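Tertiary structure, described
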Amino acid sequence: MDERTIRSRRPIRPAQRGSYSPSHGSPIRRNENELYPHLSGGEEEDDVDQELIELESYADTNSSLNTTLNSSSDVADCGGIKVSRCRKEKNVKYYPDGNVQEVNMWKTSEKILLPKKADESQGMIKIVLVGIGVVVVMLAAVYFYLTNHSQIGGDMKRPPLRCSFEQSVRDFPKQDKMLWKSLEHGVESVLNNIPTKPSIFLLAYEDIPTANKITRSIVERATDCMDSKVNALVLSSDDLAHHEMKTDYGVVITKFKNQLEKSGVMLVHDLNKVPSKVAPAFHVFCDGLNPLVDRSIIFLTMQLTDNSHSSSYANTLHLVENYLRSNWSDMENFILDPLIARVTDQVFVLNKE
């Protein structure tokens, strides 16, 4: 706040000592409101902080005889600006011969009281509090960012889990190379949760001995990669032909869910021979959107009874779908179509070794 000093046009009169001359007349003691018309009013001082700026002081004499004057002070208001006045006076004694024993000296000083507006003080407090809040939020954000970044960084630094089928490739050289690559990718996706959903493979075959050897090797390797504590869940069409299962396929889900969760691998032989009343259970097991057991690998096998399949994937898929539709012909299409779409997610034909 800038300091300003206001000077009166009236010159300061020095204190007089010695003889007193009546011809001079009594000194005029001007009212402060006349001398400073802009300094008027009488409101009490605000409770807010104030800065004091001394404006002016002047001296004058009082002509009163043997008069005792007291000190006084007041506060005036000038256009919202507070002005403090302080007046101090001494005893005055005059003698008839004109000698002055003591001349009264009185001094009036005025100070501007420049208030700091209350709302400004409150505004500063609010700004400080807001600033503190912003700093706290920023520090918290940095902390959580660093914490999460550290965790993410730790996960990214961890090498992805692998599952190689190199031994199976050497043991079964006549099989399609795409089969082994797809198996590795499917198992590793489950191991690394990319994404978290089952990997489903339908293996069609003609030669039963070859199919048994290959599926056994594949299931054992997948179980090892899943680090399962128990053996894979292996089911035949006969295991799924019980009366209670045909009545309610939910029995299959309830009975085998826990085993699948423990092992992470399931093998179902001859899917096409599974009763149509039980087959909808695999609509649940093979659900990729809302999986029953998300970290699971499911192998389904199906025997082709003729030699009409070809190396074309489209033709093979079409052949497998026809087999399933033929065996589950009593199932309504709105149930059959999505079921076939899920169990035929990845189809491969096992060649005779």
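Residues numbered from 1 in each chain as written. Predicted model: local features only at pLDDT ≥ 70, side-chain atom pairs only at ≥ 80, totals over all residues. Heavy atoms only, no water.

What follows covers the overall build of the protein. A tally of regular secondary structure across the protein gives 10 helices and 11 strands. Split into buried and exposed, the 353 residues of the protein put 37% on the buried side. As displayed, the protein has an accessible area near 21,400 Å², and 52% of this comes from carbon and sulfur atoms. (Helix = DSSP H or I, 4+ residues; strand = E, 2+ residues; numbered from the N terminus. Buried < 20%, exposed > 50% of the residue type's maximum accessible area, 1.4 Å probe, protein only. Areas by Shrake-Rupley, 256 points an atom, 1.4 Å probe, with all protein chains shown as cover.)

Here we take up the nonpolar core. Grouped together as the largest cluster of nonpolar side chains are 38 residues, with contacts concentrated most on Leu 240, Met 266, Phe 282 and Phe 285. When residues no more than four places from it in sequence are discounted, the contact partners of Leu 240 are Leu 235, Met 245, Val 252, Phe 256, Val 268, Val 274, Pro 275, Val 278 and Phe 282. Ranked by size, the runner-up nonpolar core spans 26 residues in total, among them Trp 180, Leu 183, Leu 191 and Ala 222. (Core = buried A, V, L, I, M, F, W, Y, C linked by side-chain atoms within 4.5 Å. Contact = heavy atoms within 4.5 Å.)

Attention now moves to the packing of helix H4 (residues 177-191) against helix H5 (residues 208-225). Running from N to C, H4 and H5 point in directions that differ by 30°, and their axes come no closer than 10 Å. In this view, H4 runs roughly parallel relative to H5, as classed from their interaxial angle. Where H4 crosses over H5, the handedness of that crossing is right-handed. Between H4 and H5, the residues in contact are Trp 180, Leu 183, Val 187 and Leu 191 and Ile 214, Ile 218, Ala 222 and Cys 225, respectively. Its residues placed into classes, the contact of H4 with H5 shows eight nonpolar, no polar and no charged. (Axes fitted to C-alpha atoms, helices over the stretch in contact; angles between N-to-C directions. Parallel < 35°, antiparallel > 145°, perpendicular 65-115°, else oblique. Left-handed = near helix turned anticlockwise from the far one by under 90°. Nonpolar A, V, L, I, M, F, W, Y, C, P; charged D, E, K, R; others polar.)

Our focus in this paragraph is the pairing of strand E7 (residues 199-205). Most of E7 sits inside the fold, with seven of its seven residues counted as buried. Burial along E7 is two-sided: Ser 199, Phe 201, Leu 203 and Tyr 205 and Ile 200, Leu 202 and Ala 204, pointing in opposite directions, are all buried. Of the pairings in the sheet, the one linking E7 to strand E11 (residues 347-350) comprises four bridges and is parallel in character. Among the inter-strand pairings, Ala 204 is bridged to a residue of E11, identified as Val 349. (Pairing = 2+ DSSP bridges.)

We now examine H5. Taking 1.5 Å of rise per residue, the 18 residues of H5 would be expected to cover 26 Å, and the 26 Å separating its terminal C-alpha atoms lies within 8% of that figure. Here H5 has its buried residues at Thr 210, Ala 211, Ile 214, Thr 215, Ser 217, Ile 218, Val 219, Ala 222, Thr 223 and Cys 225. In this fold, the buried residues of H5 make contact with helix H3 (166-171), H4, E7, strand E9 (265-268), strand E10 (297-303) and E11. (Expected span 1.5 Å × (residues − 1).)

Per the stated rule, a full pass over the model turns up three salt bridges. Residues Arg 162 and Glu 188 are paired through a salt bridge, measuring 3.3 Å at the closest nitrogen-oxygen approach. A residue pair is termed long-range when its members are at least 10 positions apart, and Arg 162 in the loop between helix H2 (118-157) and H3 and Glu 188 in helix H4 qualify at 26 residues. Residue class for Arg 162 comes out exposed when judged on its relative accessible area of 60%. The class for Glu 188 is buried, based on a relative accessible area of 15%. Note that Arg 325 and Asp 337 form a salt bridge whose closest N and O atoms lie 2.9 Å from each other. Here Asp 337 lies in helix H10 (residues 333-343) and Arg 325 lies in helix H9 (residues 313-327), a separation of 12 residues in the sequence. Among the residues examined, Asp 337 registers a relative accessible area of 34% and is labelled partly exposed. (Salt bridge = Lys/Arg side-chain N within 4 Å of Asp/Glu carboxyl O.)

Next up on the list: the state of the cysteines. A complete count under the given rule lists one disulfide for this structure. There is a disulfide in this structure between Cys 163 and Cys 225, and the S-S distance comes to 2.0 Å. Across the S-S bond of Cys 163 and Cys 225 the torsion is about 80°, and the bridge reads as right-handed. Of this pair, Cys 163 sits in the loop between H2 and H3 while Cys 225 is found in helix H5, placing the two residues 62 residues apart along the sequence. The residues Cys 163 and Cys 225 share a single accessibility class, namely buried. (Disulfide = S-S within 2.5 Å.)

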